[in-house]
Amino acid sequence: MTEPTALPHKLAKALRRRRRELSRAIGPDGVLVVPAAREVTRNRDVHYPFRQSSDFAWLTGFPEPDAVAVLAPKHQDGELVLFCRPRDPEREVWDGHRFGTEGAVAHFGADAAHPLSALDETLPALLADRKRVHYPLGVDADFDLQIMGWLRAVRAQARKGVSAPTTLVSSDELLHERRLVKDKGELATMRRAAAISAAAHRRLMQTCRAGLNEQQLEATFLHACAEGGARFQAYPPIVGGGANACVLHYVDNAAVLRDGDLVLVDAGCELDGYASDITRTFPVNGRFSAPQRTLYELVLAAQRAAIAAVKPGKRWDAPHKAALKVLTRGLVDLGFIEGSRDDLPQLIKDEKYKPFYMHRTGHWLGMDVHDVGRYKQHGKWRALEPGMVLTVEPGLYIAPDAEVPAEFRGIGIRIEDDVLVTADGHEVLSRDVPKDVEAIERLMASGASSQET
Ligand code: GLY
Ligand code: MN
Ligand code: MN
């Protein structure tokens, strides 16, 4: 059986630092309670592959299901208390190693650990005489009930002079605002995740040809990521040939790729709990047609303008605004939108681009693909800060029945990169996949020739 591995030294240090800062923010009046993810049944006695809760992983690094972490600043029994599955040699023969309570203390920096069976007896004592309980309020109905039960248990001690918390606070503010700004170790992981996904996207460009099924491209992507060291995806890959690219969350991936169509691939691996999220759109046969190229160049110009707007101090919506300006102007020039360039601000205000571009230009990226953290503060789009990572992903989706010249109908294009806000601008983490027309065609041609030999 595989022996337990301690957390890498740098990660253990980062986790300690996070908890130290959190403890300071929570103060001795408060307590934070965070549940691990549970195993989820796929069918009958088969589970989905286990994925730890991002909040729980960010706080503890503990990889097992069902656990509960309590961070009680300055508590006499220790600040970090973990409740987890106990060692069980019989179960471990079937399901693999468990760290148990001893491992939680030895390897994960818990000051104390208890088996899950002790939760109801032991956890209420950690809430006693605290005013506030921070926890993921309203996220999981069963956990909400558990919290209420533990509060009742504390209240039952009132005659012994114990006072119960009076305030329940969502832990989002504490955890998510911190998760939004990534530390050095997190950024190193995100760079690697993006590089693995980028290599997988390049392989698709090199191996794509008419007659393949969308799911064969998907298979190649999964294979390349796993080979690169990332066994899991951050979300189900979207591989849409032709008009399937106009279905924003198309995941059937079951159609045959046709000569003369584009294919849109939105796929990114997850590495050590961190997501990548990359979209490229390229011609199935390796050469863009004139109408495809026209629309592609327009989306690319919008994406470049949006990425240029990523720098510290810029507001969250600056990239979106930059993309809308380029796209709307292009749609006017093409005659898809009535009006003239002089009317641009009004056309944008009236959302005339909406029939062709119906989503926003990006989202936070981190442990979750649509990562946590507020987008607005005090009613205004927040300012970007170094260490934040976002996607920049404008697109154009021309429905098969759109009232535009026939040669443009059924074309869907999105170009998506992962962008880190740096001290003086930005770094495109996913820069290793080509997105220029010429660079894509060159890479596809090199793949086609190597397949022939
Ligand atoms: N892949 C999901 C997204 O791009 O938001
Ligand atoms: Mn995205
Ligand atoms: Mn995506």
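First, a word on scope: everything that follows refers to the structure included in this document.

Criteria and thresholds
Residues numbered from 1 in each chain as written. Chains lettered and ligands numbered in written order. Predicted model: local features only at pLDDT ≥ 70, side-chain atom pairs only at ≥ 80, totals over all residues. Heavy atoms only, no water. Donors = N, O, S within 2.8 Å, 3.2 Å for Na, K, Ca; no water. Tetrahedral: all angles 85-135°; square planar, octahedral: opposite > 155°, others 65-115°. Helix = DSSP H or I, 4+ residues; strand = E, 2+ residues; numbered from the N terminus. Buried < 20%, exposed > 50% of the residue type's maximum accessible area, 1.4 Å probe, protein only. Near = heavy atom within 4 Å. Polar contact = N/O pair within 3.5 Å; in protein donor to acceptor, adjacent residues only side chain to side chain. Areas by Shrake-Rupley, 256 points an atom, 1.4 Å probe, with all protein chains shown as cover. Nonpolar A, V, L, I, M, F, W, Y, C, P; charged D, E, K, R; others polar. Salt bridge = Lys/Arg side-chain N within 4 Å of Asp/Glu carboxyl O. Pairing = 2+ DSSP bridges. Axes fitted to C-alpha atoms, helices over the stretch in contact; angles between N-to-C directions. Contact = heavy atoms within 4.5 Å.

Time to look at the coordination of the manganese ion (ligand 2). Distances from the manganese ion (ligand 2) to its protein donors, D277 (OD), H363 (NE2), E393 (OE) and E416 (OE), fall at 2.0 to 2.2 Å. Each of the six donor atoms around the manganese ion (ligand 2) contributes to a set of angles spanning 50 to 154°, which defines the coordination as irregular. Taken in chain order, the donor set of the manganese ion (ligand 2) reads D-x85-H-x29-E-x22-E. Separating the manganese ion (ligand 2) from the manganese ion (ligand 3) is a gap of 3.2 Å, which D277 spans by donating to each of them. Of this pair, D277 sits in the loop between strand 13 (274–275) and strand 14 (278–283) while H363 sits in the loop between helix 12 (344–349) and strand 15 (376–377); the two residues are 86 residues apart in sequence, bridging distant segments of the chain. Note on accessibility: D277 and H363 belong to one class, buried.

In the vicinity of ligand 1, the contacting residues are Y235, D266, D277, H363, H370, E393 and E416. At 3.2 Å from a nitrogen atom of ligand 1 is found a side-chain nitrogen or oxygen belonging to D266. Within the side chain of H363, a nitrogen or oxygen atom sits 3.0 Å from an oxygen atom of ligand 1. For ligand 1, whose accessible area on its own is 190 Å², the fraction buried by protein is 90%. A breakdown of the residues in the shell around ligand 1 according to their chemical character gives one nonpolar, two polar and four charged.

It is worth spelling out the pattern of salt bridges at this point. Within this structure, the stated rule accounts for 31 salt bridges. Here E227 and R203 are joined by a salt bridge, their closest N and O atoms 2.8 Å apart. Remark: R203 occurs in helix 8 (residues 184–207) and E227 occurs in helix 9 (residues 214–228); sequence separation between them is 24 residues. According to the relative accessible area criterion, R203 is partly exposed, its value standing at 29%.

The next thing to look at is the sheet that holds strand 11 (residues 262–267). Judged by pairing direction, the sheet is antiparallel, and its three strands sit side by side in the order 10-11-14 without closing on themselves. Strands at the two margins of the open sheet, each flanked by one partner only, are strand 10 (238–241) and strand 14. Ignoring which end each strand starts from, the neighbouring axes of this sheet average 10° apart. Sheet analysis places strand 11 next to strand 14, joined by six bridges and oriented antiparallel. By the bridge assignment for strand 14, V265 is matched with R280. Helix-sheet contacts for helix 8 involve strand 11 and strand 14, and the interaxial angle to strand 14 is about 15°.

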